[in-house]
Amino acid sequence: MGYRYIGSKDKLSEIIISEILKIDKNAKHIIDLMAGTGLFSLALRENGFIVSALDVMTYSYHHLNFHLFMNCYPNFEGISHIKGIKKSNSLSNYELILNYLNELEPIKGYFYNEFSPEGKASNTTKARKYFTPENAAKIDSIRNEIKFLKGKNIITDKEHSLLIHDLIMATNDVANIAGTYGHYLSKFVKRSEVPVFLKPSRFSTSGSIEGHNVYLGYAEELSPSLSGDICYIDPPYIKRQYAANYHILETIAREDFPEAIGESGLRPWRDQYSNFCSKLKIRESFTKIIEGVNCKHILISYSEDGLIPINELTAFLSKFGKVSRKDIVYKRFKSNDSKKESKLHEYLIHVAKN
Ligand SMILES: C[S@@+](CC[C@H](N)C(=O)[O-])C[C@H]1O[C@@H](n2cnc3c(N)ncnc32)[C@H](O)[C@@H]1O
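Since the structure is predicted, the reported quantities are computational estimates derived from the model, not experimental observations.

A. How the structure looks around the environment of Lys 322. Along the polypeptide, Lys 322 turns up in strand E6 (residues 321-331). For the pair Lys 322 and Lys 288, spaced 34 residues apart in sequence, the C-alpha separation works out to 18 Å. Among residues more than four places away in sequence, those in contact with Lys 322 are His 350, Val 351, Ala 352 and Asn 354.

Here is the structure:
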């Protein structure tokens, strides 16, 4: 399944980068303020830019560490301390550690209990069906071991981010969901019955891995400490909070055991609430970011489906400087159960700050 991320700009990166170059053909340093999957940041790196990227979600932080700072697998030198791994001449340490994690004994732990039908889910009478019992127990053993290896300093921070990234990608492949983790499907789909398996990531060799910065936190708070040639903002445009819709990925990334609440088993997510999902708060947050960031040019992605109608948004943004807009016709993000038409307008709004 890969990553079905609401608002992902994976397929639009070429158009956005050409817009960036139209604004400033000498632009070098781009701020990617709501970086999500990190795939647009990677496209920037591959096109020769230096990137400062951030997001409020922890999974995004790990994806960004992988996409911006790696062009080949790390050494994993510490694995000589892991009993059960024997050095090999034919396999890299990265392949060895993935094999080791793939072969761990399943554990009937947090994921098994909260997110599989055989578990004892808290705060609901209905067992949740995000994963088959076998896959949930496997995810438990893999995530416990990654956490243990990091705690013992057997893996470095970057190696840790790579393994978390790999586990999230493997989890996405077998999750019994229709696009997001807002709820599980009532019957297991074929994909979810395949055993969960960590696959080696593909490392991009394009662009430099030097000079980038990755941050975890709110754009409103961090933007005053950021400077660049162009600040790209890709905010949520609908009411659905990412922290709620991707709660399971966040739990993998944070390596914790939060209380699972309600039928969907959401983690308490208010600490990652986004103002961009509230009609009332969007303007306040845009103001903080645009006034705060040390950048002449702001480029904003927004959608026809957005909480604020596009004309209202451009009128509001014009108080910060000269505004221009490019319209793109784009394929709509569709849940499997959605019957909506599949085209929508996506906008790129350029604000040249006063
Ligand atoms: C439309 S998605 C970005 C998608 C991204 N460009 C990609 O291609 O994957 C919006 C992102 O904004 C993040 N976000 C929402 N509010 C935020 C805030 N106030 N500060 C930082 N990140 C925020 C969400 O976590 C989400 O990842």
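Here the narrative resumes.
B. Representation of the packing of aromatic side chains within the structure. One pass over the structure, following the stated rule, counts 22 aromatic pairs. Look at Phe 316 and Phe 320: their rings are 5.6 Å apart centre to centre, the planes differ by 85 degrees, and that puts the pair in the edge-to-face class. This pair shows no difference in class: Phe 316 is buried, exactly as Phe 320 is. These aromatic residues form a ring-pair network of at least three members: Tyr 110, Phe 111, Phe 115, Tyr 130, Phe 131, Tyr 184 and Phe 257.

C. Molecular detail of the sheet that holds strand E5 (residues 297-303). Spatial strand order, E3-E2-E1-E4-E5-E7-E6: seven strands in an open sheet with mixed pairing. The open sheet is flanked by strand E3 (213-216) and E6, the only strands paired with a single partner. Direction aside, the axes of adjacent strands within the sheet are offset by 15 degrees on average. Inspection of the sheet shows strand E1 (residues 29-32) paired to strand E4 (residues 230-233) by three bridges, in the parallel sense. By the bridge assignment for E4, Asp 32 is matched with Tyr 232.

D. View of the site of the ligand. In the neighbourhood of the ligand, 22 residues make up the surrounding shell, with Tyr 5, Thr 37, Asp 55, Asp 234 and Ser 274 lying closest. Within the side chain of Tyr 5, a nitrogen or oxygen atom sits 2.7 Å from an oxygen atom of the ligand. Within the side chain of Asp 234, one N or O atom sits 2.6 Å away from a nitrogen atom of the ligand. Protein contact buries 100% of the 610 Å² of open area that the ligand shows by itself. Among the elements of the structure, strand E2 (50-55) and helix H9 (219-222) are those that each provide at least two residues to the shell around the ligand. Of the residues in the shell around the ligand, the class split is twelve nonpolar, six polar and four charged.

E. Summary view of the pairing of E2. The buried fraction of E2 is high, at five of six residues. As a crossover connection, the stretch from E1 through helix H2 (residues 39-46) into E2 is right-handed.

F. The arrangement of helix H3 (residues 58-69) in detail. For H3, with twelve residues, the first-to-last C-alpha span of 16 Å sits near the 16 Å given by 1.5 Å per residue. Most of H3 sits inside the fold, with eleven of its twelve residues counted as buried. Among the residues of H3, Thr 58, Tyr 59, Ser 60, His 62, His 63, Leu 64, Asn 65, Phe 66, His 67, Leu 68 and Phe 69 are the ones counted as buried. Contact partners of the buried residues in H3: H2, E2, helix H7 (157-174), E3, helix H10 (242-245) and helix H11 (247-254).

Cut-offs and rules
Residues numbered from 1 in each chain as written. Predicted model: local features only at pLDDT ≥ 70, side-chain atom pairs only at ≥ 80, totals over all residues. Heavy atoms only, no water. Helix = DSSP H or I, 4+ residues; strand = E, 2+ residues; numbered from the N terminus. Contact = heavy atoms within 4.5 Å. Phe/Tyr/Trp six-rings, centres within 6.5 Å; stacked < 30°, edge-to-face > 60°. Buried < 20%, exposed > 50% of the residue type's maximum accessible area, 1.4 Å probe, protein only. Pairing = 2+ DSSP bridges. Axes fitted to C-alpha atoms, helices over the stretch in contact; angles between N-to-C directions. Near = heavy atom within 4 Å. Polar contact = N/O pair within 3.5 Å; in protein donor to acceptor, adjacent residues only side chain to side chain. Areas by Shrake-Rupley, 256 points an atom, 1.4 Å probe, with all protein chains shown as cover. Nonpolar A, V, L, I, M, F, W, Y, C, P; charged D, E, K, R; others polar. Right-handed = clockwise from strand over helix to strand, strands pointing away. Expected span 1.5 Å × (residues − 1).

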